[in-house]
Amino acid sequence: MQVTCRLCRLRFDLVDPSASEVRCPRCEGKVKIEPEMLQQPAATKPPVGCPGCLNLLGPTEQYPVHCRYCGYHIQQEEGERLGASLKGLEGRLKSYLMAGGSPSEAVRLIEQLGVTSEQAFGFVDKRVLEVPFERHPLWKGNQRVTMAPACDSCGVAGQLSPYQATWNVREEELKRYREGWGGFHDTELKQSRKALYFLCKDCTKLTPERFAGGYPARNGFIWNRLEAVKATFPPPEPVELVLKA
C-alpha cells in the first residue's frame, strides 16, 4: 500500500494502516491518510527495514530489495529482522520524547538494533525536531507537558526557559504548492506553524537558519516572533523506550 506526498510528490509505502497521518521520508511533510486508501487487504508478509536509511518498505516476496529511498540492496534476513524492530518504533519514540525522554538515551538503545551510531542519531533527530510542534497543541489544550531534558535547539542540558515560536512559510514557497502541502489543511494554519520550545539563553539569540539545526527554516519557514512563556512546567519523569512492541 503506497501514498503520495503532496509536497514533494514522493510515493512511499504506508506500513501502519491504522495511522491517520504519516511523515514523508524525503521532505518530512505531513501526509493525511484518507479512508479510501485503506480499502486494500492487509499484507501477510512482514515489512522490510532498510539497513541503509532505516526506512520501512512494504512486504515483498522477492529479495534482494532495492531501497527506493537510498538505493541499498536489502537481503531477506537483515530486511525482515530490521523491519520487525522498526515497525511501530516511530510512534513509541514520539511518545517517549514527548514524555521528556532523553534523545541521547534513545540513540543508544536504537544502536542495539544493529545500526550505526550515525543512523541511530539520524532516526532520533528527525523526531526530536518535531517535538516542539507536537508539544504546542497539548499545552494550549491544557494537557500535561513536561520540561525538556535538554535545549530543543542545541541539545545541551542546563537552565532552560519556555518560548513560543510562530513560524511563517515564505510567501514565495507558498505559491509553489497546492492546498494541503506540508500538513496545512485549513485557512488558519495555512501559512504558519506554532511550537513550544525549551531553550537555553544562547539559543534564543540565533537566527532561524542556525536555530535547531536549521529546521524548519530549510523547509521554507521563517519565524515572525519568539516570545517567552510565563508558565511553569514539571520536570521530566523517568520513562522507558520500548524497542519492540
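Because the structure is a prediction, the values reported are computed rather than measured.

Draft legend 1. Representation of helix α4 (residues 117-128). Between the first and last C-alpha of α4 there are 16 Å, a value that for 12 residues agrees with the 16 Å anticipated at 1.5 Å per step. Within the sequence span of α4, burial applies to Q119, A120, F123, V124, R127 and V128. For α4, the elements touching its buried residues are α1 (76-86), α2 (89-98), α3 (103-111) and α5 (131-140).

Draft legend 2. How the structure looks around the sheet that holds strand β9 (residues 161-169). Strand order in this open sheet of three strands is β10-β9-β11, and the pairing throughout is antiparallel. With one partner strand each, in any of the chains shown, β10 (192-199) and β11 (221-228) form the two edges of the open sheet. Sheet twist, expressed as the average angle between the axes of neighbouring strands with direction ignored, equals 25°. Bridging between β9 and β10 involves eight bridges; their strand directions are antiparallel.

Draft legend 3. Quick look at the packing of aromatic side chains. Enumeration over the complete set of coordinates arrives at eight aromatic pairs. Ring pairs connect the aromatic residues F133, W167, Y197, F211, Y215 and W223, which therefore count as one cluster. R127 extends its terminal NZ or CZ atom over the ring of F123, reaching a point 4.0 Å from the ring centre. For the cation-ring pair, K140 lies above W139, with the distance from its terminal atom to the ring centre recorded as 4.6 Å.

Draft legend 4. Local environment of the side chain of N55. Along the chain, the position of N55 falls in the loop between β5 (48-49) and β6 (56-57). Residue N55 is classed as buried on the basis of its relative accessible area of 15%.

Draft legend 5. Representation of the pattern of salt bridges within the structure. Summed over the entire model, instances satisfying the criterion amount to eight salt bridges. The partner of E90 in a salt bridge is R127, and the shortest N-O contact between them spans 3.3 Å. A residue pair is termed long-range when its members are at least 10 positions apart, and E90 in helix α2 and R127 in helix α4 qualify at 37 residues. Owing to a relative accessible area of 38%, E90 belongs among the partly exposed residues under this scheme. One connected set of salt bridges, linked through shared partners, spans R23, E130 and R193.

Draft legend 6. Quick look at the confidence of the model for the protein. When pLDDT is averaged along the protein, the result is 83, and 86% of the positions lie at 70 or above. Confidence scores differ between elements of the protein, with helix α6 (residues 171-174) showing the lowest mean pLDDT of 64 and α5 the highest of 94. Confidence over residues 183-189 falls short of pLDDT 50; this stretch has 11 contacts with residues more than four positions distant or in other chains.

Draft legend 7. Geometry of the environment of P132. Relative to the assigned elements, P132 resides in helix α5. A residue is classified by how much of its surface remains accessible, and P132, at 1% relative accessible area, is buried. Considered as a pair, P132 and L196 are 64 residues apart in the sequence and their alpha carbons are 4.9 Å apart. Apart from residues no more than four positions distant in its own chain, P132 is found in contact with D152, K194, A195, L196 and Y197.

Draft legend 8. Up close: the nonpolar core. Residues W167, L196, Y197, F198, F211 and F233 are the most contacted members of the largest nonpolar core, which totals 28 residues. Contributing elements (two or more residues each) for this core: α5, β9, β10 and β11. Every residue in contact with L196, bar those within four places of it in the chain, is listed here: P132, R135, H136, W139, V145, D152, P162, Y163, V229 and F233. Residues L86, L97, A106 and L243 belong to the second largest nonpolar core, which totals 21 residues.

Draft legend 9. Focus on the packing of α2 against α4. Running from N to C, α2 and α4 point in directions that differ by 60°, and their axes come no closer than 10 Å. Classified by the angle their axes make, α2 and α4 are oblique. Note that α2 runs across α4; the crossing there is right-handed. Within the contact between the two elements, α2 uses L89, E90, L93 and L97 and α4 uses F123, V124, R127 and V128. Partitioning the contact of α2 with α4 into residue classes produces six nonpolar, no polar and two charged.

Definitions and cut-offs
Residues numbered from 1 in each chain as written. Predicted model: local features only at pLDDT ≥ 70, side-chain atom pairs only at ≥ 80, totals over all residues. Heavy atoms only, no water. Helix = DSSP H or I, 4+ residues; strand = E, 2+ residues; numbered from the N terminus. Expected span 1.5 Å × (residues − 1). Buried < 20%, exposed > 50% of the residue type's maximum accessible area, 1.4 Å probe, protein only. Contact = heavy atoms within 4.5 Å. Pairing = 2+ DSSP bridges. Axes fitted to C-alpha atoms, helices over the stretch in contact; angles between N-to-C directions. Phe/Tyr/Trp six-rings, centres within 6.5 Å; stacked < 30°, edge-to-face > 60°. Lys NZ or Arg CZ within 6 Å of the ring centre and 35° of its normal. Salt bridge = Lys/Arg side-chain N within 4 Å of Asp/Glu carboxyl O. pLDDT = per-residue confidence, 0-100. Core = buried A, V, L, I, M, F, W, Y, C linked by side-chain atoms within 4.5 Å. Parallel < 35°, antiparallel > 145°, perpendicular 65-115°, else oblique. Left-handed = near helix turned anticlockwise from the far one by under 90°. Nonpolar A, V, L, I, M, F, W, Y, C, P; charged D, E, K, R; others polar.

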